[in-house]
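So the chains spell out like this:
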Amino acid sequence: MGKLADNLREYRRRYIQLITAVLYNCNLPGFVRGTISKGALKGVCVPGLNCYSCPGAVASCPLGSLQYAISSSSYRLPLYVLGTLLLFGVLLGRVICGFLCPFGLIQELLYKIPLPKIKKNRVTAILSYLKYVILAVFVIVIPLVRLVPGFCKYICPAGTLEAGIPLVTMSEMLKSRIGFLFSWKVFVMALCILICMVCFRAFCRFICPLGAIYSFFNPIAFFGIHVDPGKCVGCNACISHCLMDTKHVGDRECIHCGECRKACKYNAISYGKIADRSAHIK
Amino acid sequence: MNNTSVTLKTVIKWALLVTSVILLAIGIVTGAYDDVKARAIRICMECIGIG
């Protein structure tokens, strides 16, 4: 029983990720018939990146919903989707990235493949700003100007992996309509998968607009990982151990995965309500 | 860390929380939930790369 408790504690985050991925995509008949869910939950957005055209998806993708809301002529302001993103962001910030995003889980599993790894450096730190450019251009400007969901259409590898490939495989009608766009999206997805094998969570760090949105809330979210200033000695072992491009625990690049806790010899890092963000490092 | 900054952050996060609930409520009342659902129950051709 002790071993089981230890195992649960050590792999708690992984179990949460797996359960989340299953809950987001538990429409099993969809996988069998090649159809998508039409249930009531499709009007609700999940916190993480999960294409609503995935045969298994039971709810909506917040990023896809935001782009459609912006591009749709029937909307004035996408209050419902903005309210959803605001709620998720202020409650959890990028805890969502670390715990509640299936595509984040996929990337972490890909990183486990034994290949040479690219460690974080000045280039990756600069590339971490790219996701804000992608947010501005593909999630906001393109839907406004071209009236199409720019990120979903031209980039999103989650949509290709979770929805495009399964649906096209199961439908002769869709298969007959494949063109350059599908080939491009498969290429982008394959590239993303390859890079994620050698660069930890490369999509999250450099591309994901949803992570970019939630990163704005990291300094003020109600819940997440934080440092006890009374115990922290400023050794920076946490940052050295972290695989993301963080400068301090809980900053905009922190996905609250808790790996830094393993490196801290002073038990200064814990989860909980974030009372004070800035007293991190002495 | 001074107390003013902590108080300001606390005020901001509670204000954002209340704002998010208000936005959600307005969105639901104005039919945005139905719009999201109507979109999501149809296969998104752009998302799957068909265009």
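Here, the structure is the one placed above.
Engineer: Help me understand the overall build of chain A, please; the structure alone is not making it clear to me.
Structural biologist: In terms of helices and strands, chain A carries 17 helices and two strands. Radius of gyration (C-alpha) of chain A: 19 Å, near the 19 Å computed for a compact globule of 282 residues. Oriented by its inertia axes, the alpha-carbon framework of chain A measures out at about 60 × 45 × 35 Å. Evaluated residue by residue, chain A yields a buried proportion of 56% over its 282 residues.

Engineer: Explanation requested: the interface of chain B and chain A in the structure shown.
Structural biologist: Interface size is often expressed as the accessible area that is lost when the parts come together. Listed by partner, the interface residues are 33 residues for chain B and 51 residues for chain A. Considering only the surface of chain B that becomes buried against chain A, Lys13, Cys47 and Ile48 of chain B emerge as the three largest contributors, covering 17% of it. Joining chain B to chain A, the criterion identifies zero salt bridges. The tally of links between chain B and chain A comes to seven residue pairs in polar contact (both at pLDDT 80 or more). Element by element, the count of residues in the side of chain B that touches chain A is highest for helix α1 (residues 3-29) of chain B, at 14 residues. Tallied by class, the residues present in the side of chain B that touches chain A amount to 21 nonpolar, five polar and seven charged.

Engineer: What is the right way to look at the state of the cysteines in this model?
Structural biologist: Such a bond, covalent and formed between the sulfur atoms of two cysteines, is termed a disulfide. For the structure on display, the rule yields one disulfide over all chains. Sulfur-sulfur distance for the disulfide between cysteine 44 of chain B and cysteine 47 of chain B comes to 2.3 Å. Because the sign of the S-S torsion sets the handedness, a value of about 75° for the bond joining cysteine 44 of chain B and cysteine 47 of chain B places this disulfide among the right-handed ones. Across this residue pair, the class does not change: cysteine 44 of chain B and cysteine 47 of chain B are buried. The thiol of cysteine 196 of chain A is unpaired, and the distance to the nearest cysteine sulfur, on cysteine 192 of chain A, comes to 4.1 Å. According to the relative accessible area criterion, cysteine 196 of chain A is buried, its value standing at 1%. The closest cysteine sulfur to the non-disulfide-bonded cysteine 238 of chain A is located on cysteine 260 of chain A, 6.1 Å from its own sulfur. In this structure cysteine 238 of chain A comes out as buried when scored by relative accessible area, which is 12%.

Engineer: I tried to follow the pattern of salt bridges on my own but got confused; where do I start?
Structural biologist: Residue and element names in this part refer to chain A. Taken as a whole and judged by the stated rule, the model has nine salt bridges over all chains. Linking glutamate 253 and arginine 94 is a salt bridge whose minimum nitrogen-to-oxygen distance equals 3.7 Å. Placement of the pair is glutamate 253 in the loop between α16 (237-241) and α17 (259-263) and arginine 94 in the loop between α5 (79-92) and α6 (95-99), with a sequence separation of 159 residues. Summarising the burial analysis for this pair, glutamate 253 and arginine 94 share the class buried. Across the salt bridge formed by aspartate 245 and arginine 205, the nearest N and O atoms sit 2.8 Å from each other. One end of the pair, aspartate 245, is in the loop between α16 and α17; the other, arginine 205, is in helix α14 (residues 202-206), with 40 residues separating them in the sequence. One salt-bridge network, held together by shared partners, links Arg13, Arg14, Glu108 and Arg201.

Engineer: Could you clarify how one ought to interpret the side chain of glutamate 46 of chain B in this entry?
Structural biologist: Locating glutamate 46 of chain B in the fold gives a position in the segment after α2 (32-40). Buried within the structure, glutamate 46 of chain B lacks any salt-bridge partner; arginine 39 of chain B is the closest side chain of opposite charge, at an N-O distance of 4.7 Å. Within the structure, the side chain of glutamate 46 of chain B is placed 2.7 Å from the side chain of tyrosine 68 of chain A, a separation counted as a polar contact. Apart from the residues lying within four places of it in its own chain, the contact partners of glutamate 46 of chain B are Tyr68, Pro149, Cys152, Lys153 and Lys185 of chain A together with Gly51 of chain B.

Engineer: Looking at this model, I keep getting lost on α1 of chain B. Mind explaining?
Structural biologist: Owing to its 3.6 residues per turn, the α-helix aligns residues three or four sequence positions apart on the same side. With 27 residues, α1 of chain B should cover 39 Å at 1.5 Å per step; its first-to-last C-alpha distance of 39 Å lies within 8% of that length. Every buried residue belonging to α1 of chain B is among Lys13, Leu17, Ser20, Leu23, Leu24 and Gly27 of chain B, and all of these are buried. Of the surrounding elements, those touching the buried residues of α1 of chain B are α5 of chain A together with α2 of chain B. One or two positions beyond α1 of chain B, positive phi appears at glycine 31 of chain B, with a value near 95°.

Engineer: What should I look at first to understand the packing of α5 of chain A against α1 of chain B in this one?
Structural biologist: Packing of α5 of chain A against α1 of chain B leaves a shortest axis separation of 7 Å and a crossing angle of 150°. One element, α5 of chain A, and the other, α1 of chain B, form an angle in the roughly antiparallel class. For the element pair α5 of chain A and α1 of chain B, the recorded crossing hand is left-handed. Contacts from Leu79, Tyr80, Leu82, Gly83, Thr84, Leu86, Leu87, Val90 and Leu91 of chain A in α5 of chain A reach Lys13, Leu16, Leu17, Thr19, Ser20, Leu23, Leu24, Ile26, Gly27 and Ile28 of chain B in α1 of chain B.

Engineer: Would you mind going over the environment of leucine 115 of chain A with me for this structure?
Structural biologist: Inspection of the secondary structure puts leucine 115 of chain A in the loop between α7 (102-111) and α8 (122-127). Leucine 115 of chain A has contacts with Met197 and Val198 of chain A, leaving out every residue within four places of it along the chain.

Engineer: Could you clarify how one ought to interpret the packing of aromatic side chains in this entry?
Structural biologist: The description of two aromatic rings rests on the distance between their centres and on the angle between their planes. Residues and elements named next belong to chain A. A complete count under the given rule lists eleven aromatic pairs over all chains for this structure. Relative to phenylalanine 200, the ring of tyrosine 111 has its centre 5.3 Å away and its plane inclined at 80°; by these criteria the two rings are edge-to-face. Here tyrosine 111, found in helix α7, pairs with phenylalanine 200, found in the loop between α13 (180-198) and α14; they are 89 residues apart in sequence, far enough to count as distant. Grouping residues by exposure puts tyrosine 111 and phenylalanine 200 together as buried.

About the thresholds
- The numbering scheme is per chain: residues are counted from 1 as the chain's sequence reads.
- Numbering of ligands from 1 and lettering of chains from A proceed in the order in which they are written.
- Residue-level local features of this predicted model are given only where pLDDT is at least 70; pairs of side-chain atoms are given and counted only at 80 or more, and the full residue set underlies all totals for whole chains, interfaces and linings.
- Values shown for side chains rest on all heavy atoms present in the structure; no hydrogens or waters enter the calculation.
- For the purposes of this entry, the term helix denotes a DSSP run of H or I that reaches at least four residues, the term strand denotes a run of E that reaches at least two, and both are numbered from the N terminus.
- C-alpha atoms define the radius of gyration in this analysis, and the globule rule sets the expected value at 2.2 Å times the number of residues to the power 0.38.
- Burial status follows relative accessibility: with a 1.4 Å probe on protein chains alone, a residue under 20% of its type maximum counts as buried, one over 50% as exposed, and anything between as partly exposed.
- Here, residues are in contact when the closest pair of their heavy atoms is within 4.5 Å.
- Computed with a 1.4 Å rolling probe, the buried area is the accessible surface lost when two parts are put together, summed over both parts.
- The salt bridge criterion pairs a side-chain nitrogen of Lys or Arg with a carboxyl oxygen of Asp or Glu, the two atoms within 4 Å.
- The term polar contact refers here to a pair of N or O atoms within 3.5 Å; inside protein, the definition further demands a hydrogen-donor-capable atom paired with an acceptor-capable atom, and it admits residues adjacent in sequence only when both atoms are side-chain atoms.
- Under the convention adopted here, Pro, Cys and the residues Ala, Val, Leu, Ile, Met, Phe, Trp and Tyr are nonpolar, Asp, Glu, Lys and Arg are charged, and Gly plus all remaining residues are polar.
- For the purposes of this analysis, a disulfide is any pair of cysteine sulfur atoms at a distance within 2.5 Å.
- Within this scheme the basic residues Lys and Arg register as positive and the acidic residues Asp and Glu register as negative, but His and the chain ends are omitted.
- Expected span, for any helix, means 1.5 Å times one less than how many residues it has.
- Here, axes are lines fitted to C-alpha atoms. For helices the fit covers the stretch in contact, and angles between N-to-C directions go from 0 to 180 degrees.
- Geometric relationships in this document are graded by angle, where less than 35 degrees denotes roughly parallel, more than 145 denotes roughly antiparallel, 65 to 115 denotes roughly perpendicular, and other angles denote oblique.
- Handedness of a helix crossing follows the sense of rotation of the near helix relative to the far helix, less than a right angle counterclockwise being left-handed and clockwise being right-handed.
- In summary, the pairing rule links any two rings of Phe, Tyr or Trp, Trp by its six-membered ring, whose centres are within 6.5 Å, and it sorts them by plane angle into stacked for under 30 degrees, edge-to-face for over 60 and tilted for everything else.

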